[in-house]
Amino acid sequence: MSLLWRTLALLALLLAGLAVIWLPVLRELDQEPRAVQAGQQAAALVRMARAALAAPRDPGRPAALEAALEAVLGPPTGSAPGRAVGAGPDAAVAGRVAVAVATRAATDSWEPYETDRYSRRVAEEVRAALGPDTLVARRFGERAGLWIGFDAGRGSYWLRTEAGPPAAPLPAGGVAWIGVALLLTLAAAAAVGALINRPLRQLSFAASRISSGNLESRLDESTLTSEIREVNRGFNRMARELARVEEDRAVMLAGISHDLRTPLARLRLETEMSVADEEARRNMASDIDQLDAIIDKFMEYARPGETQTRPLLLAPLIEREMSRLRDQTQVRIVSRVPDDLAVMADETELGRVFLNLFENARRYGRSIDSGVAEVSVSSVRAGTWTIVSVRDKGLGVAPEKLSQLTTPFFRGDAARTAATGAGLGLAIVDKSMQRMGGTLELANAPEGGLVAHLRLRRAGTAA
């Protein structure tokens, strides 16, 4: 996961966590005033009903009760018969929703109203307004609701009302608005995450350019954030120091190459002119050639790592490097690479890779029977990659030493130690493959011998 998406995910989790935490808090804060309001409304209804029911018995009492309830509830909706009082728990005050008055008896079946914090607060408010002996029930008979038992005149009654003001319904389009708010929040989080991670992304790109050999890459040292500004300054100092070291190294290598090759040229000339023994002269010339080849290897391994990859046809390049071998009588190479197979590579680097692999096979991969190194080159396509295999038919390498073959100056066995060379061939191959964005894998072939798998990106595929 990239740093941007990780930051966005963390911000989204933070927002979700805050919502989970604050929703119950807001609900708790909302319950207190709702409970007080519900208790006060219920107490007001009871007082009105008590005043109406406590009046002397006369034919106008239902009208008095009607007027008292209408003062609190408002006029009835629709046509309704007169309100019935004393007809049991189902005797509702018609025209009102969830409001009823019924006679109360000692044998009535009811359940206490208090079951949670909200209902306890409602009951406390009712008893504070009507008296501590007021009955507050959540069920009377078969009907649920807020039932309040009270005395009025010569009788006892139950009054049923809502448990509290109904919650405000979600407005039309509320779900859509919630979705829009969520999307806007995520978009804002993404913008904030991108803003936070922009300096780190720039630092990552600059580090990639440095690793690819572009030592001129620099970061902005005038950014407003002090920490990022200090990091950029440190990075730029490092890049300048690396550029200076690289320049010094190039000058040093050029000087070493010149200073070593000049006496070697003189030695060769003196050998040819002064040594009378033909065999001794030939051996001395061979030693001078070996020293010159070792200098070439050192220069190849230590040279700067800038490469420019472009589409290259493999078959012609392999044929060209096969023809450049110094002693072709000691090696036979068979290439089965298709003529139209192209890869993304640097021509000089890839040529150096194949030449070093062929030279390595010539030195260390000779067949016991013929004394000639038999090398085969083949290729397979694996998605966006091409894997080129270079295999010899020699003795191979001990499995525990395979991982060390690309270490500079390492030789795999006694034969390799006795062989001429600097021990840099496979190290140069590995380094060149890394410069071109590919990989090198060494293994022992099942049929015998060492095989090198070169993994290169196919031409025309995305990087």
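Thresholds, definitions, all that
- Along each chain, residue indices are assigned from 1 in the same order as the chain's sequence is written.
- Note on the predicted model: pLDDT of at least 70 is required for a residue's local features to be given, and 80 or more for side-chain atom pairs to be given and counted; whole-chain, interface and lining totals, by contrast, use all residues.
- The side-chain figures draw on all heavy atoms in the structure; neither hydrogens nor water molecules are used.
- Each helix is a run of H or I in the DSSP string that is no shorter than four residues. Each strand is a run of E no shorter than two, and both are numbered from the N terminus.
- Contact between two residues is taken to exist if any of their heavy atoms lie within 4.5 Å; hydrogens are not considered.
- Residue-level accessible areas treat just the shown protein chains as cover; the underlying method is Shrake-Rupley with a 1.4 Å probe.
- A pair of strands is considered paired only if DSSP assigns at least 2 bridges between the two.
- For every element, the axis is a line fit to its C-alpha atoms; helices are fit only across the contacting stretch, and the angle between N-to-C directions ranges from 0 to 180 degrees.
- Every residue carries a pLDDT, the predictor's confidence in it, which falls somewhere between 0 and 100.
- For every residue, the accessible area (1.4 Å probe, protein chains only) is compared with the maximum for its type, and the residue is labelled buried under 20%, exposed over 50%, or partly exposed between those bounds.
- As used here, the term nonpolar core means buried Ala, Val, Leu, Ile, Met, Phe, Trp, Tyr and Cys residues forming a set that is joined through side-chain atoms within 4.5 Å.

A closer look at the overall build of the protein chain
Broken down by element type, the protein chain carries 10 helices and 12 strands. Here the contacts in the protein chain between residues at least 6 apart in sequence split such that 63% fall between residues at least 24 apart. Counting every atom, the protein chain has about 26,500 Å² of accessible surface; 59% of that belongs to carbon and sulfur.

Describing the sheet that holds strand S7 (residues 331-335)
Backbone-to-backbone hydrogen bonds join strands into a sheet, with any given pair of strands oriented parallel or antiparallel. Strand order in this open sheet of 5 strands is S7-S9-S10-S12-S11, and the pairing throughout is mixed. Only two strands of the sheet have a single neighbouring strand rather than two, namely S7 and strand S11 (439-444). Going across the sheet, the axis of each strand differs from the next one's by a mean of 20°, ignoring polarity. Across 6 bridges, S11 lies against strand S12 (residues 450-457) in antiparallel orientation. Residue pairing in the sheet places Glu441 in a bridge with His453 of S12. In this fold helix H10 (residues 425-435) packs onto S11 and S12, with an angle of close to 140° to the strand it touches most, S11.

Describing the confidence of the model for the protein chain
Looking at the protein chain as a whole, its pLDDT mean stands at 76, while 75% of the residues score no less than 70. Confidence drops under a pLDDT of 50 for residues 76-97, and excluding neighbours within four residues, the segment shows 44 contacts in the predicted structure. Predicted confidence is poor over residues 414-419, with pLDDT under 50, and the contacts of this stretch with residues over four places away or in other chains come to 8 contacts.

Comments concerning H10
Owing to its 3.6 residues per turn, the α-helix brings residues three or four apart onto one side. Within H10, 9 of the 11 residues are buried, which leaves it mostly tucked inside the rest of the structure. Within the span of H10, buried status applies to Gly425, Leu426, Ala427, Ile428, Val429, Asp430, Ser432, Met433 and Arg435. Downstream of H10 by a residue or two, Gly437 has a phi angle that is positive, lying close to 80°.

Quick look at the nonpolar core
Judged by nonpolar contacts, the single largest core of 36 residues is most densely connected at Leu350, Phe354, Phe358 and Leu454. Counting residues per element, this core draws most heavily on helix H8 (residues 347-364), at 6 residues. Once you skip the residues sitting within four places of it in the chain, Phe354 turns out to touch Leu314, Leu317, Ile318, Glu321, Val388, Val390 and Leu454.

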